[in-house]
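Here is how the chains run, residue by residue.
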Amino acid sequence: MSRIFNFGAGPAMLPTAVMEKAQKEFLNYNDMGSSVIEISHRSAEFDEIINRCDSLLSELAEIPPNYKILYVHGGAQMQFSGVPLNLINYKPARKATFMLTGNWAVKASKEASRYGTSINAISSEDASFSYIPKWNPSDLDLESSYVHITSNNTLYGTRWHKFPETGDIPLVADMTSEFLSRKIDINQFGIIFAGLQKNLGPAGLALVIIREDLLGHALPETPSLLNYKVYEEQHSLANTNNTFAIYMMSLVLEWLNEQGGVGKIEIENSRKAALLYDFIDNSDFYEGTAHPDHRSIMNVTFNLSENELLSDFLEQARAAGLYALKGHRAVGGVRASIYNAMPYKGCEALVDFMREFEKDRG
Ligand code: PMP
């Protein structure tokens, strides 16, 4: 069976070696005569899996000891509620500041306004979120309980290269579409969260990394299963967690470790993105949509100079084994999501296809 190159934004391609390993041990995990999805979340075997996940994450992301790792239900958008419920009360004014660099930040801001006041400090909506606006730290409302950013904007192909400096006010980052794709200093953040379905594993669960002094401020009405303190106290097992997703993540993290870790994968990711951007920049037929200074190395977005060729482009790409290149419905155009598991040869195949398509139709 030949596998396609899946450029979808998520659920995204996972490493083939990971899937093979999961397949191999699916019916008989660890010689137990049982599948990993059939064993108790309170068994010694699952305990070993979740502990392995914790230690691999700590090592790969260089998570300092004063941060807690949580596996939280509901994926990334659930944390648009989870973060304000846990942190809006950090300061009495119940305000949170948002950097609107894309639709996910807009959604997070709206959700937080159920629990307090959302301040939208900057926005690049005027230019279809194609850049990261400048922000002056002296503009920060000091009554804010936290500042929220989307570190990588999945729809628009932009990212924060340098994170805003917010002093004593905790910085919260939605890193769903880039966590573990580049080295970051965790100490800059109060909370990092990421849905699993891009670089970490299957959809439906979010990884939350929180500085421990930020635990314990949840609003009284916070549902227990969104209260980060409850997750911390019970090692994310207050109820039956998604054991299979955590198991899959442990395999993905082992794979990343075997690749040489985050520093190594960042070099590879940059090489993959450069291949695509260089080709686009040297073509009159394709046009990148993100500002060159703010480009993502995970989501490469571009248009065809003749938009009426888009559906042919997507159809022929699909036939050539290059899957899910359609831009988000809110944006249009083409988006190549090239997460950690996308091999360099997938990007080469895409460039070869683009070159041929331009030759035929350009
Ligand atoms: N934030 C970002 C940056 C995303 O890319 C996505 C999904 N593409 C989400 C949030 C929403 O994730 P979920 O579907 O897990 O709620």
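Given the structure is predicted, the values throughout are model-derived calculations rather than measurements.

A. Main features of the pattern of salt bridges. As enumerated under the stated definition, the model contains 18 salt bridges in all. Across the pair arginine 271 and glutamate 268 runs a salt bridge whose closest N-O atoms are separated by 3.1 Å. Of the two residues, arginine 271 and glutamate 268 are both situated in helix 7 (residues 261–281); the distance of 3 residues between them amounts to about one turn of the helix. Beyond isolated ion pairs, a larger network of salt bridges with shared partners links Lys21, Glu48, Arg52 and Glu254.

B. Molecular detail of the nonpolar core. In this structure, Leu57, Tyr71, Phe179, Leu180, Leu200, Leu207 and Leu253 are the most contacted members of the largest nonpolar core, which totals 56 residues. In terms of residue count, the dominant contributor to this core is helix 6 (residues 243–258) (10 residues). Filtering out sequence-adjacent residues up to four positions away, leucine 200 remains in contact with Phe179, Leu180, Ala194, Gly195, Leu207, Met248, Met249, Val252 and Leu253. Listed in part, the 35 residues of the second largest apolar core include Phe5, Tyr339, Phe353 and Met354.

C. Structural context of a nonpolar patch on the surface. Residues Phe26, Leu27 and Ile37 make up a contiguous nonpolar surface patch of about 310 Å² in total accessible area. Mapped onto the elements, isoleucine 37 comes out in the loop between helix 1 (16–24) and helix 2 (44–60). Under the relative-accessibility criterion, isoleucine 37 is labelled partly exposed at 45%.

D. Spatial organisation of the sheet that holds strand 12 (residues 299–304). The sheet built from 3 strands is open, its strands ordered 11-12-14 with antiparallel pairing. In the strand order of this sheet, the two ends are held by strand 11 (286–288) and strand 14 (334–337), each with one partner. Each adjacent strand pair in this sheet contributes to an overall mean axis angle of 35°, direction not counted. Here strand 11 runs beside strand 12; their pairing, made up of 3 bridges, is antiparallel.

E. Representation of the sheet that holds strand 2 (residues 67–73) within the structure. On the basis of which strands lie adjacent, the open sheet formed by 7 strands has the order 2-10-9-8-5-3-4 and mixed pairing. For this open sheet the edge positions go to strand 2 and strand 4 (117–123), each flanked by a neighbour on one side alone. Across the sheet, the axes of successive neighbouring strands diverge by a mean angle of 20°, strand direction being ignored. Pairing between strand 2 and strand 10 (residues 205–211): 7 bridges, direction antiparallel. Its bridge partner lying in strand 10, isoleucine 69 is registered against isoleucine 209. Contacts from helix 4 (residues 103–112) reach strand 3 (95–100), strand 4, strand 5 (144–150) and strand 8 (171–174) within the one sheet, and its direction differs from that of strand 3 by about 165°.

F. Just the packing of aromatic side chains, in detail. Inspection of every chain in the model, using the stated rule, returns 17 aromatic pairs. Seen in terms of ring centroids, phenylalanine 26 and phenylalanine 244 are 6.2 Å apart; in terms of plane orientation they differ by 85°. Their pairing is edge-to-face. Of this pair, phenylalanine 26 sits in the loop between helix 1 and helix 2 while phenylalanine 244 is found in helix 6, placing the two residues 218 residues apart along the sequence. The class of phenylalanine 26 is partly exposed, set by a relative accessible area of 34%.

G. Inspection of the environment of methionine 342 at higher detail. Mapped onto the fold, methionine 342 is located in the loop between strand 14 and helix 9 (344–361). For methionine 342, a relative accessible area of 3% corresponds to the buried category. It is 7.9 Å that separates the C-alpha atoms of methionine 342 and leucine 14, two residues lying 328 residues apart in sequence. Setting aside its immediate chain neighbours within four residues, methionine 342 contacts Phe5, Asn6, Phe7, Met13, Lys272, Ser337 and Cys347.

H. Representation of the site of the ligand. Surveying the vicinity of the ligand reveals the residues Gly75, Ala76, Gln77, Phe80, Trp104, Thr150, Asn152, Thr154, Asp174, Thr176, Gln197 and Lys198. Within the side chain of aspartate 174, one N or O atom sits 2.6 Å away from a nitrogen atom of the ligand. In the environment of the ligand, a nitrogen atom lies 2.9 Å from a nitrogen or oxygen atom belonging to the side chain of lysine 198. Its free accessible area being 390 Å², the ligand has 84% of it covered by the protein chains. For the shell around the ligand, the leading source of residues is helix 3 (residues 75–87), giving 4 residues. When its residues are assigned to classes, the shell around the ligand shows 3 nonpolar, 7 polar and 2 charged.

I. Structural detail: the pairing of strand 5. Along strand 5, 7 of the 7 residues are buried, which leaves the element largely enclosed by surrounding structure. Judged from the 4 bridges that link them, strand 3 and strand 5 form a sheet pairing that is parallel. Following the sheet pairing, lysine 95 is matched in strand 5 by serine 144.

J. Representation of the domain arrangement of the chain. For the chain, the assigned domains are domain 1 (31–258) and domain 2 (260–361). Here domain 1 and domain 2 have C-alpha centroids that lie 27 Å from each other. Listed per partner, the contact involves 25 residues of domain 1 and 26 residues of domain 2. A buried area of about 2,100 Å², summed over both sides, lies between domain 1 and domain 2, and 56% of it is on carbon and sulfur atoms. Sorting the residues of domain 1 by area buried against domain 2 places Leu155, Gly157 and Ser181 first, and these three jointly supply 23% of that buried surface. If you look at where domain 1 meets domain 2, you find 18 residue pairs in polar contact (both at pLDDT 80 or more). Split into classes, the residues belonging to the side of domain 1 that touches domain 2 amount to 8 nonpolar, 11 polar and 6 charged.

Rules and cut-offs
- Residues numbered from 1 in each chain as written.
- Predicted model: local features only at pLDDT ≥ 70, side-chain atom pairs only at ≥ 80, totals over all residues.
- Heavy atoms only, no water.
- Salt bridge = Lys/Arg side-chain N within 4 Å of Asp/Glu carboxyl O.
- Helix = DSSP H or I, 4+ residues; strand = E, 2+ residues; numbered from the N terminus.
- Core = buried A, V, L, I, M, F, W, Y, C linked by side-chain atoms within 4.5 Å.
- Buried < 20%, exposed > 50% of the residue type's maximum accessible area, 1.4 Å probe, protein only.
- Contact = heavy atoms within 4.5 Å.
- Patch = residues over 30% accessible without salt bridge, like charges linked within 9 Å, V, L, I, M, F, W, Y side chains within 5 Å.
- Areas by Shrake-Rupley, 256 points an atom, 1.4 Å probe, with all protein chains shown as cover.
- Pairing = 2+ DSSP bridges.
- Axes fitted to C-alpha atoms, helices over the stretch in contact; angles between N-to-C directions.
- Phe/Tyr/Trp six-rings, centres within 6.5 Å; stacked < 30°, edge-to-face > 60°.
- Near = heavy atom within 4 Å.
- Polar contact = N/O pair within 3.5 Å; in protein donor to acceptor, adjacent residues only side chain to side chain.
- Nonpolar A, V, L, I, M, F, W, Y, C, P; charged D, E, K, R; others polar.
- Domains from an automatic or database assignment.
- Buried area = accessible area lost by both parts, 1.4 Å probe.

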